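# Chain and residue survey
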Amino acid sequence: MMDADLTDATSFAMPATRGYQQEMLDESLHNNIIIALDTGSGKTLIAVLRLKHEMERERTKISWFFAPTVALCEQQKAVIQAYIPVSVGLVSGSNEPDQWKNAGLWERVLRTHRIMVSTPQVFLDALRHGYIVLGRDISLLVFDEAHHAVDNHPYNRIMAEFYSEIPPRNQDNMSEIVRPMVLGLTASPIYGGNVVKAFQTLEKNLDSTIRAPRRHRSELAMFVHRPHFKHVMYIPQDPADPFFSTNLASLHSIIQIQNIENDPYVISLREQLRRATRGGAEHHRIDQKLSKVIQKEDSFTHKGLRDFQRAGDDICNDLGPWAADWFVWKVLEKTKLAANPYNNLMVTWKNKEKSYLLSILDQVIASPVSFYPDDIADDCSDKVRVLIKCLIMEKVETESYNETYSGIIFVQRRDTVLALAEVLRHHPLTRGIFRIGILLGTSESSRRHSMMDISRKLVKESQEDTIADFKIGEKNLIVSTSVAEEGIDIQACGSVIRWDPPPNMASWAQSRGRARKKRSTFTVMFEEGSEHQSAVDKWERLEREMIALYNDPSRDFALVSEDIDLEEDEEDDDLKFEIESTGALLTLHSAVSHLSHFCAVIPNSSHADNRPLYDLNPPEFPEGWHAFDSQSKAMIPYTGPYGSKVTLPRTLPLPNRSFSVDMIYKNKISAHRHSAFKAYMSLYEAGLLNENLLPITSVMEPELEAEVKAMLADVEKREGFAKVSSNVNPWAPQEEKQDWWCCSQLHLEGLPPLLLLTRSEISPLEFHEGPVIYRPNVPPVRVSIRAHDKISGTDNLVTRAKAYTRMVFWCLNHTRMQWDDLDFSYLLFPIKNVDTEWDARRSWLVNREASSPQAHSVHLMVGADAFGKQFGYPDDLVMVQKHLGFSRPLKFVRWRFEPLSTEEEEELRETYKQFEDLDIKYPLLVAQPYPPRSNFLIPILPRPVQNIGPPDPPKLVHLIPQHSGVILLSPEETDYAFLLPSVLRSLSMSMIADSLRKTLFSSSPIVSVPIPLLTVAITAPASGEKLNYQRMETLGDTVLKFVTGVQLLAEYPLWHEGYLTRKKDHAVSNVRLAKEDISRGVYRWIIRDSMLGKKWKPQYFTVPDTLTNTSTDSATDIHAKDVDESTPAKEKKKKKKSAQLSTKVLADVVESLIGASYLHAGFSLGYECIKYFDLGLKWEPITTRISQVLSRVEDDPEGTYPSQLVDVERMLGYTFRRKLLLIEALTHASYQQDSRTPSYERMEFLGDSVLDMIVTDFLYHAPGKNYSPGHMHLRKSAVVNGHILAYVCLRMNVRVDAIMPRPDVNGIIQVTPDAQVIHLWKCLLHSSPRVLEDQLNTYTRFRKRHAEIEESLENGKIFPWAGLTRLQAPKFFSDMVESIIGAIFLDSEGDMVLVRKVLHNLGIMPILERIVSADVDVLHPVSRLSLWAQKNDRTLEYVYEREGDGSLV
């Protein structure tokens, strides 16, 4: 985790620096030193001042502060952040350590912080992977608790592996890459007995000198209060008369009669050994494991019981019978609760272990303890009595000085802490006097799978709460393990008592440092007659020597030896491998952990252990030792040399997964390190590691999404700057200074043909190829285009066509047009003008306009009253208006001369209520509204079944001619006015597709995709067109994933399925596709504008400023105009934003183009389309890729194959030419026998995409269905999900005929048929007892539900989701089916027809075909329930229950 929130950090003024602190600070500015000062003397403040100085001195590099624990890191980070006004980051591997396996993340950390605080292991890992270059990036290293820098502690590894390789910092070295300065902090620079050697070791390891203040010693004494040392003696219990605990005795009696052979782990190992092939690696490994567990009796249960018994014995001897009885009772109570199979109190405990443990614990007869004061006091040890006496005396003495008592008792064993705290809570002399807290620490790593880990559950309060209560005085006594010695922010105590003598010098100094009040005491409890007292005398002597040594003036920096021989074992320090480009370093010390991490991130198969397996040479035990008699089990200890072999998981498709080293190493760990080093080097050489020596995460590009967003922003910026859409204009001239027009004949069925003049050529279309126009209540109208010659731009026809085009479009769109603007992108003109009467009427209007312009301001429209009088109220009118010039056109019905009824007159007056004295004169106009329709390319949906019958006639409207208008268009011209926008829309879309084909795809095979397919492929749903890319995109997405999967499988033969999946997901991600779309400019051809009748206007070559806010064919402008005039400006802006290109639209178009290519010419053209977009992969034809994969399959005609292969081939109806492909498809990752193939994960990766491809293709082409993407997804999910594939696997079988001699009724032996049924799931090759158990349990559930599921699949109307889910089949059942499909695809050399036939034999295709033909409801019950809850505003809660057969429901 990383905390960089600077604003919330509380800032404080820097406290005054004491003289001795300034002295140490001054020395640290010039030399590397380790400051040795007692706890409480202010070492951290010196470090803060040193960091502050470094920040002011060094502007480019950062400083790094180390602390050994996460808690101490958090504590020190808060202090640094409070006093130094720079960015302070905290890095720890405690939470999600894998997030720190990212070079980009480290780069940002170094760039955005000035000081970092971390545990040393995270920093060491970053150095080893080259994420940090020590000499380049770091100027100061601060080591808190510096005495840890010995042996293989990360402190020491940082210095040994990286610091020593950097040029020293001196006047001669002016390079930027120099050693950082070092500052160490410690209260105890030594652990053991030789002070001089300990100093030399620590000083050499940290390249520093241990120092303490010299000039200001007297001042230091004023601030550091050494506690008064005391010791108290207690009498141990006489061994001849030991304490007796009833509960402990009962526990002893039960444990003594247990036999390790009854342990489920031992039973499981013996069963595995029986099934393993003798002489094989698996047999040897299990044999060694079994011998080891029997010899050491270290199974979960038996080791746990021994630990329990040992803890009880120690508590009984140390504290007395009452504490032991309490401890046994409480642990039994908690353990029985945790061992309940339905309880998840301890998640790492396995059910069989729980059951076995529970069966033993139930035999222990234990009783609750008595809490009567006398019972507690009488059953306590002398040690407890002495402790209580000491505590009371300390408390009385402290309070005599009018001070508040606070104390800590340090105890070595965790279990003793619990029991001692319980005794002190209830003992009559301490109850109510001491408010007791417990500190055990937070790490559980050493007991991750231990029975005694249950003891942690006995602590009710968290460590943080306990410390907080102690600080505020709510608690005055803490019983603690060594966790409180260092690294925990606990205030100074008046009394520190060591229940157990300190184990070493560091522990002595650290625990004593907690007692630092003026009158504090440090008490150590000694057993009478023990040697511990002499050890304390020795430590006091060593401490005096230590203080004298680091205060010795003769220890000047110039005199520190550079070549101290510390007699270290260098065997594991001389082998390393460094990547020059990144500085990443592999050492023997890091090889084991690196290899473990690599294997840990491999996707895990069901019941397959991906951990690397280490085999020792020679083995620890002779083969079969576990079966020897007791006398033969005696062994002579072996002390070396050792060799090692490490075997990597079968999931890795490596030619060799085992790596061995010879028997030349002194110890076991050294041998394992060398084999791990060899294996990791092999992984790097195989290309499975990146240049940071980590698993390949570079198959992903995490910065890609930000890159695409920037590209989109640039597109939008260019659009805004140019005030036009960046979309391609299909009507634009083909040449820069073009003075000619292309002339075509446009013919709408049932209407006179028109000439269509365009600046760009239009491809001819026959009636069956052209657009279809759908009008209400009349048959569809088909359109054809026939090419004519070109004409000059000065031709008189052009001028006349401009006027005619304006006339046709003006009447419906005049509010969005300007009368004098004739610069249309296309022109129309009738081939034969037959409307002479309407021409005469328009001429009459033109004359009236000329004589009285003010009275006739609206072109092509005239008052109905004047028109009727002039032309005798003709009946051939088409369009009229309620209000002249500014109301929606209405369809003319007739003139009405007969009077209105009373009701009709009232309605008419209501219509014209704005006229107070309305004078109704006849004739009136009768009209009706036009159907609300603008895009006539959209088919008219059939009326719902319940509405069958003649539709209601449109409502008639009466209009008064004096207030109404007539539009001077003939019936044919009116049809043109309504229909031509849709025709032009269709032509525009086709021309855009043609432009795309000729512009971007001209040199690619994609150019052969027909215009209709290409048009659909680039039409977005937002366009509102009849056909859009959604269905094609769904198909293209599947084609893309399938083709990409084949490419990757061939390109990376050594990649496991996890790498392949990650690489594929990245290559086909929306972000990647969008990037390729933008970089090639495909987005300019995306049709995303909708055709809105209220917004449509003819397209112009130039758009006047007054028209820039009106509708055009560009999506941006259309959406900008798509806002009602009453919409606030803020909402208008928001509306426009919605029209911006999205990553998904860009990606969808790429996928739909792939789909169109596939539809036109199959996988070959689909591949070419994918190749065009590149996607950052190497592309070769699918057939070539299949050949590459097959070339790596061993040809072993004489080899031996598992007998079940023949049975599997019979089930499939397919015979493999390459048997090893089928073996790989059937091989589980746990299988330890045949090493010719990896496990099935890569084959399953391929089979998954093959199955998706076949199913999606079938659904796309399902006759008469035309499924939407959502419906395709629902149906595909029904037949490719793990539940149905597992069911297919479970029901697939073959009958094998055989004979068996049996006695007949007369006792005579006769040969009789003995047919066997072989099931597909039984043919899985595995070596896992858990797989076998899961197979049998799942098949049991299958037999119960098979008939019900089969009936539903064959005859039901609802898909049997519930029944399939209740099978609870593990993933390996469905994996098996998918891997077999992948193997058949390869073996048949990509024959999809053959694969589909096998899918039919498996029963998958019949299920799919019935789902389609019978319209089976495939909506999942959970989805159905969620839809209901959403609709009814309900919240769902799911409760899981276990049925009688053990299945969860």
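Source: prediction; values computed, not measured.

### Remarks on the overall build of the protein chain
For the protein chain, the helix and strand inventory stands at 48 helices and 33 strands. Burial analysis of the protein chain (1449 residues in total) assigns 53% to the buried set. Partitioning the intrachain contacts of the protein chain with sequence separation of at least 6 by distance along the chain shows that 75% fall at a separation of at least 24. Just so you have it, the protein chain exposes about 66,600 Å², and 52% of that area is on carbon and sulfur atoms.

### Here we look at the pairing of strand β10 (residues 436-439)
Neither face of β10 is open: one carries I436 and I438, the other G437 and L439, and all of them are buried. Judged from the four bridges that link them, β10 and strand β11 (residues 477-480) form a sheet pairing that is parallel. Pairing of I436 across the sheet is with L477, part of β11.

### Some thoughts on the environment of A1278
Relative to the assigned elements, A1278 resides in helix α41 (residues 1269-1280). Through-space distance from the C-alpha of A1278 to that of W1361 is 8.4 Å; in sequence the pair is 83 residues apart. Once residues within four sequence positions are removed from consideration, A1278 is found in contact with I1284, F1359, W1361, I1411 and V1418.

### A look at the sheet that holds strand β12 (residues 495-498)
Two strands in a sheet stick together by hydrogen bonds in their backbones, pointing the same way (parallel) or opposite ways (antiparallel). One open sheet holds the six strands; their spatial order is β8-β13-β12-β9-β11-β10, and the pairing between them is parallel. Every interior strand has two partners, whereas the edge strands, β8 (228-234) and β10, have only one. Strand-to-strand twist across the sheet, computed as the mean angle between neighbouring axes with direction ignored, equals 20°. Here β12 pairs with strand β13 (residues 521-527) via four bridges, running parallel. Its bridge partner lying in β13, V496 is registered against F522. The strands touched by helix α17 (residues 382-400) are β8, β9 (407-410), β11, β12 and β13; relative to β8, the strand with the most contacts, the crossing angle is about 150°. Taken strand by strand, helix α19 (residues 463-472) contacts β9, β10 and β11, and its axis lies near 140° from that of β10.

### Details of the sheet that holds strand β25 (residues 879-881)
Across the sheet, six strands lie side by side as β24-β29-β25-β26-β27-β28; this open sheet has antiparallel pairing. Two strands bound the open sheet, and with one partner strand each, they are β24 (861-863) and β28 (957-959). Across the sheet, the mean angle separating the axes of adjacent strands is 45° when strand polarity is ignored. The sheet contacts of helix α27 (residues 864-871) involve β24, β26 (889-896), β27 (924-929) and β29 (965-967), and relative to β24 the element is tilted by about 85°.

### Describing the packing of aromatic side chains
Aromatic rings in a pair are described by how distant their centres are and how their planes are angled relative to each other. According to the stated counting rule, one finds 38 aromatic pairs in the structure shown. Ring centres of F308 and F327 lie 6.0 Å apart, and the angle between their planes is 65°; this geometry places the pair in the edge-to-face category. Of this pair, F308 sits in helix α13 (residues 300-319) while F327 is found in helix α14 (residues 321-339), placing the two residues 19 residues apart along the sequence. Exposure class is identical for F308 and F327. Each is buried. Aromatic rings pair up to connect W64, F66, F123, F143 and Y155 into one cluster. The ring of W819 carries R806 above its face, with NZ or CZ at 3.7 Å from the centroid. We note R1080 situated over the ring of Y1172; from NZ or CZ to the ring centre the distance is 5.7 Å.

### With respect to the environment of D144
Structurally, the position occupied by D144 is in strand β5 (residues 138-144). On a C-alpha basis, the gap between D144 and A187 in space is 9.9 Å, while along the polypeptide they are 43 residues apart. Dropping the residues within four chain positions of it, D144 is found in contact with F65, F66, A67, P68, L72, Q76, Y155 and L185. There is a polar contact of 2.8 Å between the side chain of D144 and the side chain of Q76.

### Some remarks on the confidence of the model for the protein chain
In the predicted model, the protein chain carries a mean pLDDT of 83, and the fraction of residues at 70 or more is 84%. The secondary structure element of the protein chain with the lowest average pLDDT is helix α34 (residues 1115-1121), at 31, and the one with the highest is helix α31 (residues 1030-1051), at 96. Contacts of residues 443-448 to residues separated by more than four positions or lying in other chains number seven contacts, the stretch itself having pLDDT below 50. Here residues 557-570 is modelled with pLDDT under 50, and outside its nearest four sequence neighbours on either side it reaches 16 contacts, counting other chains as well.

### Let's talk about the nonpolar core
Ranked by size, the top nonpolar core spans 164 residues in total, and within it F598, L1153, F1359, F1385 and L1386 carry the most contacts. Counting residues per element, this core draws most heavily on helix α36 (residues 1143-1173), which supplies 13 residues. Sequence-distant contacts of F1385, that is, excluding residues within four places in its chain, are made with F1042, V1046, I1186, L1246, V1250, G1390, D1391, M1392 and V1395. Formed by 59 residues, the second largest nonpolar core is a distinct cluster that contains L248, I255, L387 and L420.

### Describing the pattern of salt bridges
Tallied over the entire structure, the rule returns 63 salt bridges. Residues E397 and K230 are paired through a salt bridge, measuring 3.9 Å at the closest nitrogen-oxygen approach. Of the two residues, E397 is situated in helix α17 and K230 in strand β8; the sequence distance between them amounts to 167 residues. Across the pair D314 and R413 runs a salt bridge whose closest N-O atoms are separated by 3.6 Å. Residue D314 is located in helix α13, and its partner R413 is located in the loop between β9 and α18 (414-426); the two are separated by 99 residues in the primary sequence. Looking at R413, the relative accessible area reads 28%, which means it is partly exposed.

### So, a nonpolar patch on the surface
A cluster of nonpolar side chains, V1422, L1425, W1428 and Y1438, forms an exposed patch at the surface whose accessible area comes to about 370 Å². Tracing the backbone through its elements, the reader meets W1428 in helix α48 (residues 1421-1431).

### Quick word on the pairing of strand β4 (residues 115-118)
Covered by surrounding structure in β4 are I115 and V117 together with M116 and S118, the residues of both alternating faces. Bridge analysis of strand β2 (residues 62-66) against β4 gives four bridges, and the strand direction is parallel. When the bridges of β4 are listed, F66 appears paired with S118.

Reading the values: rules and limits
- Residues numbered from 1 in each chain as written.
- Predicted model: local features only at pLDDT ≥ 70, side-chain atom pairs only at ≥ 80, totals over all residues.
- Heavy atoms only, no water.
- Helix = DSSP H or I, 4+ residues; strand = E, 2+ residues; numbered from the N terminus.
- Buried < 20%, exposed > 50% of the residue type's maximum accessible area, 1.4 Å probe, protein only.
- Contact = heavy atoms within 4.5 Å.
- Areas by Shrake-Rupley, 256 points an atom, 1.4 Å probe, with all protein chains shown as cover.
- Pairing = 2+ DSSP bridges.
- Axes fitted to C-alpha atoms, helices over the stretch in contact; angles between N-to-C directions.
- Phe/Tyr/Trp six-rings, centres within 6.5 Å; stacked < 30°, edge-to-face > 60°.
- Lys NZ or Arg CZ within 6 Å of the ring centre and 35° of its normal.
- Polar contact = N/O pair within 3.5 Å; in protein donor to acceptor, adjacent residues only side chain to side chain.
- pLDDT = per-residue confidence, 0-100.
- Core = buried A, V, L, I, M, F, W, Y, C linked by side-chain atoms within 4.5 Å.
- Salt bridge = Lys/Arg side-chain N within 4 Å of Asp/Glu carboxyl O.
- Patch = residues over 30% accessible without salt bridge, like charges linked within 9 Å, V, L, I, M, F, W, Y side chains within 5 Å.

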